[in-house]
Amino acid sequence: MKISVALLALAAFAADDSFVLRNVTIHSVTSAVIPNATLVVTGGKIADFGTKITIPKGAKIVDGKGLHVYPGLIDSASNIGMAEVSSVRETSDMVELGDFNPQLRSVSAINPSSDHIPVTRGNGITTSLIYPGGGIIGGQAALVHLDGWTWEEMAVEKNVTMQMRMPTIATTTFNPVFGAARRPFAETKRRYEERLKLMSEFFEQARAYQRRKAVGDAGFAIDRRLEAMLPVLDGKESLMVFAPRERAVKDALAFATKEKVKIILAGVREAGSAVKEIADRKIPVILGETLELPLDDDAAYDSPFTLPAELHRAGVTIAFGTFSVQFARNLPFQVANAVGFGLPYEEALKAVTINPAKIWGVDDRIGSIEKGKWADLILTDGDPLEGRSQVKQMWIQGRSVSLETRHTKLYEHYSKRPE
Amino acid sequence: MTRRHLLLAAAGALAFGQSGSPNLYAIQNATIHTASGPPIANATIVVRNGLIEAIGASAPAPAGAWTIDGKGLHVYPGLIDALSTWGVPAAAPVAAARPAAAPGGGGRRGANDDTPANVQFQDDGGPEERPSNTSWIKAADLVQSADANLIAARNAGFTTAIVFPTTGIFGGQGSVLNLAGDRAGDMVVSSPVGQYLSMSTRGFSAFPGSLMGSISYVRQVYLDAEHYKTAKSMYAQNARGLQRPAYDRALEGVLESPRTLLPAGRKVEIERMIRFGKELKTPIILYGGVEAWRSADALKTAGVPMLINLQWPEREREGDPDFLDSLRTLETRELAPSGPAVLAKAGVRFAFYSGGVARPADIRKAVKKAVDAGLANEDALKAMTIEAARIYGVDDRLGSLENGKIANLFVTDGDWLAEKTLVKMVFVDGRKFEPPPTPAPAGRTE
Amino acid sequence: MQRRKFLGGLLLGPISASAAEGTIVIRNAKILTVTKGSFDGSILIRDGKIVEVGANVNAPADARVIDAGGQYVMPGIIDCHSHIASEAINEGTVSVSSMTGIEDTVNAEDIGIYRALAGGVTTANILHGSANAIGGKNVVIKMRWGKDAPEILLDGATPGIKFALGENPKRRGGGDTGLATRLRYPATRMGVEDVIREAFTDAKAYKANWDDYRLKVAKGERLIAPRRDLKLEPLVEVLEGKRFVHAHCYRADEILMLLRVADEFGFKIRTLQHVLEGYKVAKEIKEHGAGASTFSDWWSYKMEAFDAIPYNAALMHKKGVLVSLNSDSGELMRHLNQEAAKTVRYGGLTDDEALARITINPAKQLAIDNRVGSIEVGKDADLVIYDKHPLSNYAKVQKVFIDGQMYFDRDKDMSDRAVKAERRKMLAEKQKAAAAPARPAGGARRPQ
C-alpha cells in the first residue's frame, strides 16, 4: 500500500504538469507579494505557495533564480489566430457578411498554428478572448489558452460572450488609401437610426422565437440564428458591446435596460457623463487601446492615457484588450501607459489578470495565483508591464510552454550568418 | 406739354447718344460718396459720354442734361467685384493641354495580355503634359452681357467685375469688365489683368493628386515660361543655328498675364503663397483670406494685396448636436469678419469679392458684417470700389467718383449698407439702368 | 490685438518669457547624456546652447533656474521617419515624384507637433510617403510649437529625398486592392528597380547635358540653355552626394538591390527606412555604409513584413550598422522612449544603447549630430525632463526645451485645459444662438 502511494506520488510528479518552483518572488495579485517563496504545481493546478512549503518527495524542482512569478496575463479582446497578414484577405476570418450572425463562433476558426500565438505568448499572455467582427452582431467570442494542439485543447470557454457593435453616427470616415471623407450629419444619422431599428427588430424576432419555442408552437422549426440568441435573452450569456464614444455607450446602456440583457462594454475610448451609470450598474469595461491618439484636436493630449484611471476612480471594473492581431503582444505596454498616467499599479495588474477572469466567469480557474487554480504562470526578470523586462518561462495549466517563436528562430539563424 | 419738356425734347436730339439713350446726365442735390474723400452733401454730379464731367456742391447742370433730382438720395462709385465669375458660363473640366502618348497597346508602361479589358492606364505624366491648364483663355472672350448673374449684380449696385475663368489649376486670364454693353467687347475695360491659379488636385489617379504636386507643377510651368521667353527672344534676334522653341500655348498664357492670383485662406496658406509667389517672379494677389485677421504682419511685410471672400464661414445648419466644433473652427467663424478691419488698420491693401455669395443683394449684408466687426464705413466702401481698381491697375479710370473717370455709379435712397436701402439706379459707362422694383414679401405690412 | 491670443485654445509661442538669449541652469537632475554617461548634476544653457554639463556648473547669479527635482533629463528625441506637420504626404499619381517636396506643404499648426513634443520629440525627419519608387523631398524640423513654417525648419540640415521599394510603390500597378482601374507602373519589384534605374539614367544625361552647355557657353558659343527639369535636379544632387536618400524598404532582396543600384550609379543610400529584413543583410548594409531606421516591433501587417522581428534593431546594431528607431506614426511618436526600451527586452541592449536609438543615432543618420542627439557642450539645448527614467513605461514627459526655450510644460498644459474648454463652450453656444432663426415679432401672425 505504502509503496503504491509513493509510486503514485512519484508518478504525479513525473507528469509534465507537476513541478515545484523555488526561489521566486510570488505576485499572486489577490494577496500580498511574497519574496523568497516556493510554488507547488500538481496536476496542472496550484497546490500550494508561500515561504514555508514542504517540498513533496520526488518533485521536479525548477530553480526560479530569484526571478518573479505572476499569473499569466489575459487579453480581453484580440483576433489572433483568426488572421495572419491583415492586408491579405485570404488570411483573415474575422469579419463575415451580414449584420446579425449570433450563430457564428470564432473558436473553431482559430488557427492553432498561427505564428501570432507563440509571438503573443512571448510577452506573458496566457489567455486571450478571440472575438469575431462584422455587422451588428458578429458572433460568439472564445476564451482560449495560447497553447494547445487543437483549438479544442486551447479553449477555456468556447462561447464566452456574444460580440455586438453599437451603431454609431460616423460623419468622418477614414480610408487608409483615400484619406478622410466627411459625410453630412443628416445622412449618417438616418443610417444610424435605421441600424438601431434593425437591431431592435432582431431582438424582437428573437423574443418571439423564444416564446414560440417555450410554448411548443406547432410547426416550430429551429432557426439557428435565433436559437443562438436564447442564452443572451435568458441572461446566461453576456453581450460584449463595442461602444467607443459616449453616445454609443449611452445607447448601449439604454439598450441593455430595454432588452434586459447583461452587457460588457468594450473598446470604450470616452465615457463622459455615462461613467456614473456604468459604475452604478456594475457593468465592466474592456478599455480601448491606451496607446492611441486623442479623439479630437482639442482633447487633452493624454486623454487616452488617463481614461483607465478615470474609470477606476469612479468604481468601474476595468480590463484591457489589444483589439489586434499584430500588436496583441503589446498588451502589457497598453496597461503600463495607464499606470504612468494615474492608474494604481495593483489595479493595472488586476485589469489583466483577476478582473478579466471574473468578467469572463473563469476566476475559479485562472486570473491569480491561488490554491486550486490552474498554473497559468509566467516567470519574469522584472515587472511584466515594463518594456525592459523579459519573460523567461511560461506554464499553461502547469505545462511548460515554449517561448520560442518565428522571431526568435529568425534572430538566432541570422545571428549566425558569417561575417 | 410743358416748356421744359419741349426744351428737353429739343436737347434730346443732341443729348442722346448711342442706341438712343441719353449721354448727358446731372444728378442734383444728392449726397455724393466719392471714395476719394469725405462725402459731399447737396451736390451734383455730371456725366457726359460715359465719363464723369463734374462733381461739386455748386456744379450747375449743363444745358441739355437729363436732370435727376437727388434729394434724399446717395450716389456711390459703382461696386466692383474683385474676383468674379459673373457673365462667364461655367466651363467643363479641362483635360490635359498636351495629352500624353496614347496609352496601352503593348507600350512599355501599358497593357499586356494579362491586363483585364476594363483597365486604363493613367498618363504617367507630370508637369510636361500641362494638365488642368487653360492659361491662354480670356474672360474677355467668353463674357456674355445678357448673363443673368451679371444683370442681378448690376441691379444691386455693381458696375464692374474682374472676371476670371476659374476651372482647373491654370484657369486663365481675367479682365476688368463693366457690367453692361451691347456687345461683349464694349464691356472690357482692361484685359488681361491676371492669371487665375488654384491649387486644386485631380484626385487619385491623375497628376497632380496632392497639394505638393500642384505647387511643384506651377513652379515648373513658371520656370518653363521663363525659359521659353528667353529661348524665343534669342531665336527672334537671330534664328540661325538655334533649335526652334516649340510653341506652347500654356506658356504663352502665363507670359501674357501681368500678375498671378493665388489661393490663400488660412494663415498657413497665406504665408506659404507669399513665399511661393516670390519664386514665381511675378506680382501676386492672394484670394480667400478667411484668416486674414491673423495674417496682417505677413501681408504687410510682403506688400501683397489680399482679396477677401465675402462668404464668411457659417455654422453648419445640421451639425451633430453631441459634438462641439473644434476651437479652431469656432474662432475662425468668430473672427473672420474682423479680418478686413485688422488689415485696414495695418495698412494692408485689400478688396472684397463675392466668392461663394450667390445673390449680389447678400453681398452688402456680408460687407455689413465686416463693418459690424470693426471696419470703418469708408474703408468698406473703398474695399468694394477704389481698392479693387487699384489692385488691378485701373484706378486711374475706375473705382471712385472723380472728374474724368468712367461714369460707373449707383444711386440709393439711403446708406448703401443699411438693410432697407433700395438701389434706385445704376450707371455703367454713363448709361442708366433702373433695377426692377423688388416685390414686397407676402404678408408684410408697410 | 487678436494675434497672440489663444488660437485653437493653444497658446502659441514658447512658454518662457526669456528667448534664446539669456542663461538658464537646469539643476538637480539625473542627467542621461547618452554619449558621455549618466550622473546627477546640472546643465548650463546660454543663447540656446549647452555650455556646461556636470555634477556642478558655474551658473551666473542672474541665470534662470529650473529645478528638475531629482527627475531625469535626456536629449530631445529625434524621429527619423514622420509625416506630421505636412498638408500632403504623397504625390502618388506618377512613378517618380522627385519634383515635389514637403517644404511646400509644411503646416506648423498641426496639432501633431504639439503631441510629439508632449512625447519628448524635439526633431523629426518629415518624409514624403511611400507611394512612389522615387518620391519627393523631405524637411527636417524641430517641434518649435507656435513658430511658423520657415522657423521650424532645422537650418543647415542636409536635404533629402524619399525612395520606396516593395509593396507600396507597386500597389497602383494592379491587384485586388480596389484602387481604381487606372493603373500606374510599376506592378512588380522588377519594375520598381526599373523606375529607379531609368530615373537615374535620365538624371545622368540631364547633368551631362547641362555640363556640356556650360562648357560651350564658357567658350563663347551662343546656345539656348536646356530646360530646367525640377524632377531630375534632386536626382542630380543625389548623384553629387548633396542630397541624402532615405529609402523605405522591407525585404532583404530589395534592400540588396537598392544598395547595388546605388553602387553602380555611384551614390550612397543614407538611410534604409523600416528595413524590417535588414537583419538578414546587415553585412551588406554595413559595407555600403547605410544607416537603418526601423520599427521596434511592427510585423505581419503586410506580406513583406512577415519576417519582421523585434530583434531587428539589436541584431543590425550588433553587426555594426548605425541603427535608429522611428515612428512613421503620429501616435507612436508619442512614446518612442517606450519603443527604445523594447531593444532591451528584444536583444539585450544596454540602457544607453537603447536611448541612442532615438537620440544620437538618428542625429548621425541625418548628419545633425554636431547640433543634437546628446547632452554635450556645444550642442543645442534640446532637452526633455521625465519624471521617471525614460526607458520606464511609467515615465511622463514634464518639460521640453528646444534651443533652450521651453516649448512644453505639462503643468501648464493641464492648467490651460479648463480655460480652453470654457472658451470652446462659450463660442459654440454664442454661435448656436446667433444661427437660431429669430421668432417673428409679437409671436402669432397678425391678421391681414
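Thresholds, definitions, all that
- Residues numbered from 1 in each chain as written.
- Chains lettered and ligands numbered in written order.
- Predicted model: local features only at pLDDT ≥ 70, side-chain atom pairs only at ≥ 80, totals over all residues.
- Heavy atoms only, no water.
- Salt bridge = Lys/Arg side-chain N within 4 Å of Asp/Glu carboxyl O.
- Helix = DSSP H or I, 4+ residues; strand = E, 2+ residues; numbered from the N terminus.
- Buried < 20%, exposed > 50% of the residue type's maximum accessible area, 1.4 Å probe, protein only.
- Contact = heavy atoms within 4.5 Å.
- Buried area = accessible area lost by both parts, 1.4 Å probe.
- Polar contact = N/O pair within 3.5 Å; in protein donor to acceptor, adjacent residues only side chain to side chain.
- Nonpolar A, V, L, I, M, F, W, Y, C, P; charged D, E, K, R; others polar.
- Core = buried A, V, L, I, M, F, W, Y, C linked by side-chain atoms within 4.5 Å.
- Domains from an automatic or database assignment.
- Axes fitted to C-alpha atoms, helices over the stretch in contact; angles between N-to-C directions.
- Parallel < 35°, antiparallel > 145°, perpendicular 65-115°, else oblique.
- Left-handed = near helix turned anticlockwise from the far one by under 90°.
- Lys, Arg positive; Asp, Glu negative; His and termini not counted.
- Pairing = 2+ DSSP bridges.

Turning next to the pattern of salt bridges. Per the counting criterion, the structure on display carries 96 salt bridges over all chains. Here Arg 399 of chain A makes a salt bridge to Asp 147 of chain A, at a shortest N to O gap of 2.7 Å. Taken together, the residues Arg 399 of chain A in strand β18 (residues 399-401) and Asp 147 of chain A in the loop between β8 (137-145) and α3 (151-154) connect sequence positions 252 residues apart. With a closest N to O distance of 3.2 Å, Asp 364 of chain A and Arg 365 of chain A form a salt bridge. For Arg 365 of chain A, a relative accessible area of 18% corresponds to the buried category. Each of the salt bridges in this network shares a partner with another, and the network as a whole consists of Lys 49, Lys 142, Arg 144, Asp 155, Arg 371, Asp 380, Asp 382 and Asp 403 of chain C.

Attention shifts here to the interface of chain B and chain A. By convention, interface size is frequently given as the accessible area that disappears when the constituent parts associate. The interface is formed by 10 residues belonging to chain B together with nine residues belonging to chain A. The contact between chain B and chain A buries some 820 Å² in all, and 55% of this surface belongs to carbon and sulfur atoms. Inspection of the chain B/chain A interface yields two salt bridges. A salt bridge links Asp 322 of chain B to Arg 247 of chain A; the shortest N-O distance between them is 2.8 Å. One can count three residue pairs in polar contact (both at pLDDT 80 or more) joining chain B with chain A. Of the residues belonging to the side of chain B that touches chain A, the class tally is four nonpolar, two polar and four charged.

One finds Leu 286 of chain B together with Met 143 of chain C to be the most contacted residues of the largest nonpolar core, which totals 182 residues. The element best represented in this core is helix α5 (residues 211-237) of chain B, accounting for 10 residues. Ignoring sequence-local partners within four residues, the contact set of Leu 286 of chain B consists of Leu 262, Ala 264, Ile 270, Met 273, Ile 274, Leu 299, Val 304, Pro 305, Met 306 and Leu 307 of chain B. In terms of nonpolar packing, the next biggest core, distinct from the first, is built from 79 residues, Ile 125, Phe 203, Ala 309 and Val 335 of chain A among them.

Turning to the environment of Thr 332 of chain B, a few remarks are in order. Residue and element names in this part refer to chain B. Inspection of the secondary structure assignment puts Thr 332 in helix α9 (residues 327-335). With 49 residues separating them along the chain, Thr 332 and Leu 381 place their C-alpha atoms 24 Å apart. Once residues within four sequence positions are removed from consideration, Thr 332 is found in contact with Val 290, Glu 291 and Pro 313.

All names here are of chain B. When its domains are assigned, chain B resolves into domain 1 (1-77 + 400-446) and domain 2 (79-92 + 136-315 + 323-399). Using C-alpha coordinates to define each centre, domain 1 is positioned 31 Å away from domain 2. The partner domain 2 presents 31 residues to the 25 residues of domain 1 that form the contact. Counting every contact that joins domain 1 to domain 2 gives one salt bridge. Asp 182 is paired through a salt bridge with Arg 431; the nearest N and O atoms lie 3.5 Å apart. Taken together, the links from domain 1 to domain 2 amount to 11 residue pairs in polar contact (both at pLDDT 80 or more). Of all elements in the fold, only β5 (74-77), β15 (409-412), β16 (423-428) and β17 (431-433) reach the threshold of two or more residues within the side of domain 1 that touches domain 2. Within the side of domain 1 that touches domain 2, the residues separate by chemical class into 16 nonpolar, five polar and four charged.

For the rest of this paragraph, the subject is the packing of α9 of chain B against helix α12 (residues 410-435) of chain C. Across the interface, α9 of chain B lies against α12 of chain C with an axial gap of 9 Å and an inter-helix angle of 50°. With respect to each other, α9 of chain B and α12 of chain C are oriented oblique. Once α9 of chain B is placed against α12 of chain C, the crossing between them reads as left-handed. In this structure, α9 of chain B uses Leu 327, Leu 330, Glu 331, Arg 333 and Glu 334 of chain B to contact α12 of chain C, whose residues at the interface are Lys 420, Arg 423, Arg 424, Leu 427, Ala 428, Lys 430 and Gln 431 of chain C. A breakdown of the residues in the contact of α9 of chain B with α12 of chain C according to their chemical character gives four nonpolar, one polar and seven charged.

Turning our eyes to something else, we now look at the side chain of Lys 162 of chain C. Residue and element names in this part refer to chain C. Tracing the sequence through the fold places Lys 162 in strand β10 (residues 160-164). With no salt bridge to any partner, buried Lys 162 finds its closest opposite charge in Asp 328, at an N-O distance of 6.5 Å. Here the side chain of Lys 162 touches His 128 through a polar contact of 2.8 Å, landing on its backbone oxygen. In this structure, Lys 162 is in contact with His 81, His 83, Leu 127, His 128, Gly 129, Ser 130, Ala 133, Ile 134, Gly 135, Gly 136, His 246 and His 248, ignoring residues within four places of it in sequence.

All names here are of chain C. For strand β12 (residues 244-249), the tally of buried residues reaches six of six residues, placing the bulk of the element in the interior. Taken together, the five bridges between β10 and β12 define a ladder with parallel strand orientation. Across the sheet, the residue bridging to Gly 160 is Phe 244, located in β12. As paired elements, β12 and strand β13 (residues 271-274) share four bridges and run parallel to each other. By the bridge assignment, Cys 249 is partnered in β13 with His 274.

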